[in-house]
Amino acid sequence: MASHAACDLSPLMGLLGLGLAWRVIALQPGLMPLQPVGEAVLGAVLLLTLFSLVAWLSKPLRRPGVVIDEIAVLPGRAGLVALVLSVVLAASALRPYAPGPALGLALGGLVALAALGALIGYRLLTGPQEGRSVNPVFHLTYVGYILAPQTLIPLGYTGLSNAILWVTMPIALVIWLASLRQLLTRIPPAPLRPLMAIHVSPAALLASVSVLLGYPLLGAAFALLALALLASLAASVRWLLASGFSPMWGALTFPLAATSTAAILALGTPGLWIGAVLLLAATALNPWVAFRIFKSWAKGDLAAKTNAATA
């Protein structure tokens, strides 16, 4: 393929989140027979993640400056950060089978996310004034560290995980408030509206990590926030998806799976039922979206749709 859009990698997060949600529900009392479902999904998606990572890396290996070009546009930034976060999610998938490599992937992903965040921040600060407005991708870039504790906590790194929780929490709050203020004064264009779903992810992840670290009330509060945000998006689905299918629909996938996991972990028996319904919805939506986006990538027309840089 002559070009590879980073945006086509965003559905990987949704597929990995789907497999992890199936793993979580299988750990609930009486649901152990479901365990093979999640492990099968994660095994298949890990291979897809490796293939996608190698395919994308062919660009900077041929022309290193392509990374700068990639982050010049919002879809490129979203896809590139999603690629890094997919590596962190892959660590969670691998952790029960290969704890050492999983730890390396998680820590390497955190370092890569910090470097990418600094690069994106510099680009925004030195770029045009109109490009500096807050957008949902800020959550992926500056709150995405909250994915790592899902690997770190079972491996005993609770101190680092606590630090990540309490640092990312206020950052997420600032981004939510700034985005709300911006939404009240300026309606995002229809093609970018699916990105609004990203706002759900930090609440869901903060909920899951809070529970894993022993803060059940905090976890329940964030899980309810995630459900409230998801419900508001569902109520506005015609507005949200007004421009029709596009690669931006990849942003819909991970929040749905992450909220399923958060409800199961944080909200007791009612949460198990809510999480199960969301998990079934994610099982229908996430592979379908991923298939359509990867199909567009294979045909070679995705880069044009996302304004992605080419090697």
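Residues numbered from 1 in each chain as written. Predicted model: local features only at pLDDT ≥ 70, side-chain atom pairs only at ≥ 80, totals over all residues. Heavy atoms only, no water.

(A) A look at the pattern of salt bridges. The tally for this structure, following the rule as stated, stands at 1 salt bridge. As a salt-bridge pair, Glu39 and Arg23 come within 2.9 Å of each other at their nearest N and O atoms. Pair noted here: Glu39 is in helix H2 (residues 35–62) and Arg23 is in helix H1 (residues 10–26), with a separation of 16 residues, a long-range link. Here Glu39 falls in the buried class, since its relative accessible area comes to 18%. (Salt bridge = Lys/Arg side-chain N within 4 Å of Asp/Glu carboxyl O. Helix = DSSP H or I, 4+ residues; strand = E, 2+ residues; numbered from the N terminus. Buried < 20%, exposed > 50% of the residue type's maximum accessible area, 1.4 Å probe, protein only.)

(B) Structural view of the packing of aromatic side chains. Under the definition given, this model contains 5 aromatic pairs. An aromatic cluster of three or more residues is present, and its members are Phe245, Trp249 and Trp288. Its end group placed over the ring of Phe245, Arg292 keeps NZ or CZ at 4.0 Å from the ring centre. (Phe/Tyr/Trp six-rings, centres within 6.5 Å; stacked < 30°, edge-to-face > 60°. Lys NZ or Arg CZ within 6 Å of the ring centre and 35° of its normal.)

(C) Molecular detail of the environment of Phe294. Among the secondary structure elements, Phe294 is positioned in helix H13 (residues 268–299). Sequence spacing of Phe294 and Ser52 is 242 residues, and the spatial spacing of their C-alpha atoms is 9.8 Å.

(D) A look at the nonpolar core. One finds Met13, Ile146, Leu147 and Leu206 to be the most contacted residues of the largest nonpolar core, which totals 88 residues. The leading source of residues in this core is helix H4 (residues 74–94), at 11 residues. When near neighbours in sequence (up to four residues on either side) are disregarded, Met13 contacts Ala82, Leu85, Ser86, Leu89, Leu140, Leu147 and Phe254. (Core = buried A, V, L, I, M, F, W, Y, C linked by side-chain atoms within 4.5 Å. Contact = heavy atoms within 4.5 Å.)

(E) Local environment of the confidence of the model for the chain. The pLDDT averaged across the chain works out to 89; a share of 89% of its residues lies at or above 70. Across the chain, helix H9 (residues 200–212) holds the top mean pLDDT of 98, while helix H14 (residues 302–306) sits lowest at 51. Throughout residues 306–311 the model reports pLDDT below 50, and contacts reaching past four residues in sequence, or to other chains, amount to 22 contacts. (pLDDT = per-residue confidence, 0-100.)

(F) Representation of the packing of helix H8 (residues 158–185) against H9. Following both chains from N to C, one finds H8 and H9 inclined at 160°, their axes separated by 11 Å at the closest point. Viewed along their axes, H8 and H9 adopt a mutual orientation that is roughly antiparallel. Crossing handedness for the pair H8 and H9: left-handed. Residues Leu165, Thr168, Met169, Ala172 and Trp176 of H8 form the contact with H9, whose participating residues are Pro202, Ala203, Leu206, Val209 and Ser210. Each residue belonging to the contact of H8 with H9 can be placed in one class, and the counts come to 8 nonpolar, 2 polar and no charged. (Axes fitted to C-alpha atoms, helices over the stretch in contact; angles between N-to-C directions. Parallel < 35°, antiparallel > 145°, perpendicular 65-115°, else oblique. Left-handed = near helix turned anticlockwise from the far one by under 90°. Nonpolar A, V, L, I, M, F, W, Y, C, P; charged D, E, K, R; others polar.)

(G) View of helix H5 (residues 99–126). Helix length check: H5 (28 residues) gives 41 Å between terminal C-alpha atoms against 40 Å at 1.5 Å per residue, within 8%. Among all positions in H5, only Ala102, Leu103, Ala106, Gly109, Leu110, Leu113, Leu116, Gly117, Ile120, Gly121 and Leu124 are buried. Residues of H5 that are buried make contact with H4, helix H6 (137–143), helix H7 (149–152) and H8. (Expected span 1.5 Å × (residues − 1).)

(H) Structural context of the side chain of His139. Relative to the helices and strands, His139 resides in helix H6. Apart from residues lying up to four places away in sequence, His139 is in contact with Gly144, Ala172, Ile175, Trp176, Ile198, His199 and Pro202.

(I) Seen up close, the packing of H8 against helix H10 (residues 216–235). Between H8 and H10, the shortest axis-to-axis distance is 14 Å and the interhelical angle comes to 30°. Taken together, the axes of H8 and H10 are roughly parallel relative to one another. Along this stretch, H8 crosses H10, giving a crossing that reads as left-handed. Every residue of H10 that contacts H8 at Trp166, Met169 and Trp176 is listed here: Leu218, Phe222, Leu225 and Leu229. Among the residues making up the contact of H8 with H10, the classes are represented as 7 nonpolar, no polar and no charged.

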